[in-house]
Amino acid sequence: MRLSHLPLRLTTGAFILNSGWGKRNLDAESAAGVQAMAARALPPSPAWTQ
């Protein structure tokens, strides 16, 4: 990794961290909605169903 890549990597990492951090204290209904969105985005793999 080059030093010039560091600002972009830090910015990207902070964005991803903030996205997850905001979902820490969701109520059950909101958490179920987020889980349903993720389930639609990633269809089940045959390896996951075993």
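Whatever comes next refers back to the structure up there.
Quick caveat: nothing in here was measured; it's all calculated off a predicted structure.

Participant: Just to check I follow, could you spell out the overall build of the chain for this structure?
Facilitator: A tally of regular secondary structure across the chain gives two helices and zero strands. In terms of its C-alpha atoms, the chain occupies a principal-axis envelope of roughly 40 × 30 × 15 Å. Buried positions account for 0% of the 50 residues belonging to the chain. Of the roughly 4700 Å² of accessible surface on the chain, 66% is carried by carbon and sulfur atoms.

Participant: Sorry, what's going on with helix 1 (residues 6-21) here?
Facilitator: Each full turn of the α-helix corresponds to 3.6 residues, which orients residues three or four apart in the same direction. For helix 1, built from 16 residues, the straight-helix expectation of 22 Å at 1.5 Å per residue is met to within 8% by its first-to-last C-alpha distance of 22 Å. With zero of its 16 residues buried, helix 1 lies for the most part at the surface.

Participant: I would appreciate a short explanation of the packing of aromatic side chains in the present structure.
Facilitator: The geometry of an aromatic ring pair is captured by the separation of the ring centres together with the interplanar angle, meaning the angle of the planes. Summed over the entire model, instances satisfying the criterion amount to zero aromatic pairs. If you follow arginine 24 out to its NZ or CZ, it ends over the ring of tryptophan 21, 4.1 Å from the centre.

Participant: For this particular structure, what's the right way to read a nonpolar patch on the surface?
Facilitator: Together, Met1, Leu3, Leu6 and Leu10 line one region of the surface with nonpolar side chains, adding up to about 470 Å² of accessible area. Secondary-structure assignment places leucine 3 in the segment before helix 1.

Participant: For this particular structure, what's the right way to read the environment of leucine 26?
Facilitator: Mapped onto the fold, leucine 26 is located in the loop between helix 1 and helix 2 (28-41). Residue class for leucine 26 comes out partly exposed when judged on its relative accessible area of 34%. Sequence-distant contacts of leucine 26, defined by excluding residues within four places in its chain, comprise Ala31 and Val34.

Participant: Please clarify how the environment of arginine 24 should be interpreted in this entry.
Facilitator: Inspection of the secondary structure puts arginine 24 in the loop between helix 1 and helix 2. Judged by its relative accessible area of 48%, arginine 24 falls in the partly exposed class. Note: C-alpha distance between arginine 24 and leucine 10 (14 residues apart in sequence) is 21 Å. Within the structure, arginine 24 has its side chain in polar contact with the backbone oxygen of tryptophan 21 (distance 3.2 Å).

Reading the values: rules and limits
Residues numbered from 1 in each chain as written. Predicted model: local features only at pLDDT ≥ 70, side-chain atom pairs only at ≥ 80, totals over all residues. Heavy atoms only, no water. Helix = DSSP H or I, 4+ residues; strand = E, 2+ residues; numbered from the N terminus. Buried < 20%, exposed > 50% of the residue type's maximum accessible area, 1.4 Å probe, protein only. Areas by Shrake-Rupley, 256 points an atom, 1.4 Å probe, with all protein chains shown as cover. Expected span 1.5 Å × (residues − 1). Phe/Tyr/Trp six-rings, centres within 6.5 Å; stacked < 30°, edge-to-face > 60°. Lys NZ or Arg CZ within 6 Å of the ring centre and 35° of its normal. Patch = residues over 30% accessible without salt bridge, like charges linked within 9 Å, V, L, I, M, F, W, Y side chains within 5 Å. Salt bridge = Lys/Arg side-chain N within 4 Å of Asp/Glu carboxyl O. Contact = heavy atoms within 4.5 Å. Polar contact = N/O pair within 3.5 Å; in protein donor to acceptor, adjacent residues only side chain to side chain.

Everything listed here is a matter of geometry and, on its own, says nothing about what the molecule does.
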